[in-house]
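Summary of the model geometry
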Amino acid sequence: SINLEADGHRSVRQISANQETARARMGQAGRWWAPTVDLYATYGLLTSREREFVSMQDRLEGAVGIRVSMDLFDGLHSRTEASALALQAGGFENQSIQASLELKARFENARQELKITHELVHSAEENAEQGNVYLSRTLAEYAKGVKNSPDVLSATFRYVEYMRRVAELKRDYQIVKADLLAIIGR
């Protein structure tokens, strides 16, 4: 039996990842007052035109630094942004729940359709077997002279139709099975 873990499905996980990103950005926007620390470093070789030193060791230049900055007041911009990101995270959560429910519904529909198609295939195979028996009896009676050629033609046509129906149902079964496997991601 095939089961579905809707919360682990790639489409639901993608929405959940968007939700986590929005929550992280919301937390970041809520810490507007926290200082930012930037580290920087540079290293370079100046050309001889920029420096008059011929030796390469004398033309090497490097710098390292730290910059600390802090907003004293941002006009409540980060508070508004944090509120918007909180609503966006809630929207992603609802979208994740909706996607999970839709996925479960699609899965159940496909599973029921697979079950019904499987039963139809067996029923059609039984009909084809009965059609084959009927055709064999009709041919035997035709050989005895009891049945005529339109009876044989009718029995043959019926048997061919039964076999065509079996083939169509088997094709439909494989299509539904492929859809079901696509839903679960296999």
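Since this is a predicted model, take the numbers as computed values, not measurements.

To continue, consider the overall build of the chain. Within the chain, the regular secondary structure consists of four helices and two strands. Element order for the chain, N to C, with α for helix and β for strand: α-β-α-β-α-α. Projected onto its principal axes, the C-alpha coordinates of the chain cover approximately 120 × 50 × 25 Å. Among the 186 residues that make up the chain, the fraction classed as buried is 20%. Contacts in the chain between residues far apart in sequence, at least 24 positions, make up 75% of those at least 6 positions apart. As displayed, the chain has an accessible area near 13,700 Å², and 54% of this comes from carbon and sulfur atoms. Of note, the chain has its 24 positive side-chain charges centred 4 Å away from the centre of its 25 negative side-chain charges.

A few words now on helix H1 (residues 10-30). With 21 residues, H1 extends 30 Å between its outermost C-alpha atoms, agreeing within 8% with the 30 Å of an ideal straight helix rising 1.5 Å per residue. Residues Val12, Ile15, Gln19, Ala22 and Ala29 constitute the buried set of H1. When H1 is viewed along its axis, its buried side chains cluster within an angular range of 105° and face the same direction. Exposed residues on H1 whose side chains face more than 90 degrees from its buried face are Arg10, Gln14 and Gln28. Turning to H1, the residues buried within the fold contact helix H3 (77-144).

This next bit is on the packing of H3 against helix H4 (residues 149-184). Each pair of packed helices gets described by two things: the angle between the helix axes and the distance between those axes. Packing of H3 against H4 leaves a shortest axis separation of 8 Å and a crossing angle of 160°. As summarised for this structure, H3 and H4 are arranged roughly antiparallel, according to the angle between their axes. Viewed along their axes, H3 and H4 form a crossing whose handedness is left-handed. Taken together, the residues that form the contact of H3 with H4 break down as 24 nonpolar, eight polar and 10 charged.

Contact geometry for H1 and H3: axes closest at 8 Å, N-to-C directions at 165°. What the angle tells us is that H1 and H3 run roughly antiparallel. In this structure, H1 meets H3 at a crossing whose hand is left-handed. Split by residue class, the contact of H1 with H3 holds 12 nonpolar, nine polar and four charged.

Checked against the element boundaries, Thr138 lands in helix H3. Its relative accessible area of 2% is what places Thr138 among the buried residues. Apart from the residues within four sequence positions on either side, Thr138 is in contact with Lys147, Asp151, Val152 and Ala155.

Turning next to the pattern of salt bridges. For the structure on display, the rule yields 10 salt bridges. Between Glu20 and Arg23 there is a salt bridge whose closest N-O contact spans 3.6 Å. Separated by three residues within a single helix, Glu20 and Arg23 lie in helix H1, roughly one turn from each other. A salt bridge links Arg165 to Glu168; its shortest N-O distance comes to 3.9 Å. Of this pair, Arg165 and Glu168 both sit in helix H4, three residues apart, roughly one helical turn. Given the relative accessible area of 39%, Arg165 is considered partly exposed. A single network of salt bridges, built from pairs that share partners, joins Glu161, Arg164, Arg165 and Glu168.

Rules used throughout
Residues numbered from 1 in each chain as written. Predicted model: local features only at pLDDT ≥ 70, side-chain atom pairs only at ≥ 80, totals over all residues. Heavy atoms only, no water. Helix = DSSP H or I, 4+ residues; strand = E, 2+ residues; numbered from the N terminus. Buried < 20%, exposed > 50% of the residue type's maximum accessible area, 1.4 Å probe, protein only. Contact = heavy atoms within 4.5 Å. Areas by Shrake-Rupley, 256 points an atom, 1.4 Å probe, with all protein chains shown as cover. Lys, Arg positive; Asp, Glu negative; His and termini not counted. Charge placed at Lys NZ, Arg CZ, Asp CG, Glu CD. Expected span 1.5 Å × (residues − 1). Arc of directions from axis to C-beta. Axes fitted to C-alpha atoms, helices over the stretch in contact; angles between N-to-C directions. Parallel < 35°, antiparallel > 145°, perpendicular 65-115°, else oblique. Left-handed = near helix turned anticlockwise from the far one by under 90°. Nonpolar A, V, L, I, M, F, W, Y, C, P; charged D, E, K, R; others polar. Salt bridge = Lys/Arg side-chain N within 4 Å of Asp/Glu carboxyl O.

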